[in-house]
Amino acid sequence: MTERRALPAADADPTIAALPAGTRALLAELWTERAASELAAGEAFAAVERDLAALDADPAVLALAARAVADEPEHAALCMLLAEAYHGAPLPLPAPRPFQLPVHDGADDVLRRHLHVVGLCCINESIAVAFVAACLADAAGPLLAGVHREHLADEIGHARVGWAHLGSARVDAEVRAALIPWLPRLLTANLAVWHDRIGILPEAGVPGHALPPARALRAATIAAAREIIVPGFAHVGLPTAAAATAVDRAAR
């Protein structure tokens, strides 16, 4: 579990108090919804941890996955801290959003487990790193900045689960060859989910409140795919031309 740094008190953040009531209510709702997503992410990482165990993954990778499972409920608590700061009073913890790992029709059980790791960790969490970094850059208040620094550090660790596994000796040449045709599909699907999420946010954002304009967030996800994920696949020896084309299509 990640050791947390002390965060500033919510009532010590003047940027929150300065917002109009309607904007505060909107942000409280968005952070409550984010908490539900983080709880679902905890279930997803627990499933991926089981997949890694079934694959006899490297012990160091399993340790990273276990840490990620423990991080997600803490992320939900951080989201609720912000929701309550904007709301101005305590709020109930929401239920997790419905969760199911992709079925990946056509993959056998072994390949499906590897695809879960690549999809959730290498791709989704690498995109999350770029998304949270963009939000941190727009966080003017001390509480917002503190929460996003904590979250960003964790997301980097969560992405490492996938990259460490993909680069390990436990992923042999046969598995790598089987993964290649799935990479464009995984990228397309993950980017579509992220763009759908961004689509429910205010298009103009809320300046200074870790909510930059939607176009900037979409650009961050594409940049992550082009500058982190595709080069990451190349680094572990996977052909990337089709994956890069998939990113270009998603950017249109």
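Everything that follows concerns the structure shown earlier in this document.
Please read these numbers as outputs of a predicted model, since none were measured by experiment.

Participant: I'm lost on helix α2 (residues 21–54) in this one. Help?
Facilitator: Each full turn of the α-helix corresponds to 3.6 residues, which orients residues three or four apart in the same direction. The end-to-end C-alpha distance of α2 is 50 Å, a good match for the 50 Å that 34 residues give at a rise of 1.5 Å each. Just past α2, the residue D56 takes up positive phi, approximately 55 degrees.

Participant: Looking at this structure, how should I read unusual backbone geometry?
Facilitator: What you tend to see is this: most non-glycine residues have negative phi, and most peptide bonds are trans. In this structure, H104 takes a positive phi of about 55 degrees despite not being glycine. Residue position: H104 is located in the loop between α3 (59–87) and α4 (109–137). One non-glycine residue with positive phi stands out, namely A210, at about 60 degrees. Take A210: it is sitting in the loop between α7 (183–199) and α8 (214–235).

Participant: Looking at this model, I keep getting lost on the packing of aromatic side chains. Mind explaining?
Facilitator: For any two aromatic rings, the description comes down to two numbers: the centre-to-centre distance and the angle of the planes. The final tally for this structure, using the stated rule, is two aromatic pairs. Ring centres of F131 and W194 lie 5.1 Å apart, and the angle between their planes is 50 degrees; on these two criteria the pair is classed as tilted. Placement of F131 in helix α4 and of W194 in helix α7 is noted, with a sequence separation of 63 residues between them. Taken individually, F131 and W194 each receive the classification buried, so the pair is uniform in this respect.

Participant: Sorry if this is basic, but what is going on with the pattern of salt bridges here?
Facilitator: Opposite charge on two side chains permits them to pair, given that their charged atoms come into close proximity. Inspection of the entire model under this criterion finds six salt bridges. D51 is paired through a salt bridge with R113; the nearest N and O atoms lie 3.7 Å apart. Pair noted here: D51 is in helix α2 and R113 is in helix α4, with a separation of 62 residues, a long-range link. Judged by its relative accessible area of 27%, R113 is partly exposed. The salt bridge involving D248 is made with R226; its shortest N-O contact spans 3.1 Å. You can see D248 sitting in helix α9 (residues 241–251) and its partner R226 sitting in helix α8, a full 22 residues away along the chain. When its relative accessible area of 42% is taken as the criterion, R226 is described as partly exposed.

Rules used in this analysis
Numbering of residues begins from 1 in every chain and follows the order in which that chain's sequence is written. With pLDDT at 70 or above as the cut-off, local features in this predicted model cover only qualifying residues; side-chain atom pairs require 80 or more to be listed or tallied, and sums for whole chains, interfaces and linings still use all residues. Only hydrogens and water are set aside when side-chain values are computed; all heavy atoms of the structure are taken into account. In this description a helix means any DSSP run of H or I spanning at least four residues, a strand means any run of E spanning at least two, and both kinds are numbered starting from the N terminus. A helix is expected to span 1.5 Å multiplied by its residue count minus one. Each Phe, Tyr or Trp ring, with Trp reduced to its six-membered ring, pairs with another whose centre is within 6.5 Å; inter-plane angles below 30 degrees give stacked pairs, above 60 give edge-to-face pairs, and intermediate values give tilted ones. Exposure classes here rest on a 1.4 Å probe applied to the protein chains alone. A residue is buried below 20% of its type maximum, exposed above 50%, and partly exposed in between. Salt bridge criterion: a side-chain nitrogen from Lys or Arg within 4 Å of a carboxyl oxygen from Asp or Glu.

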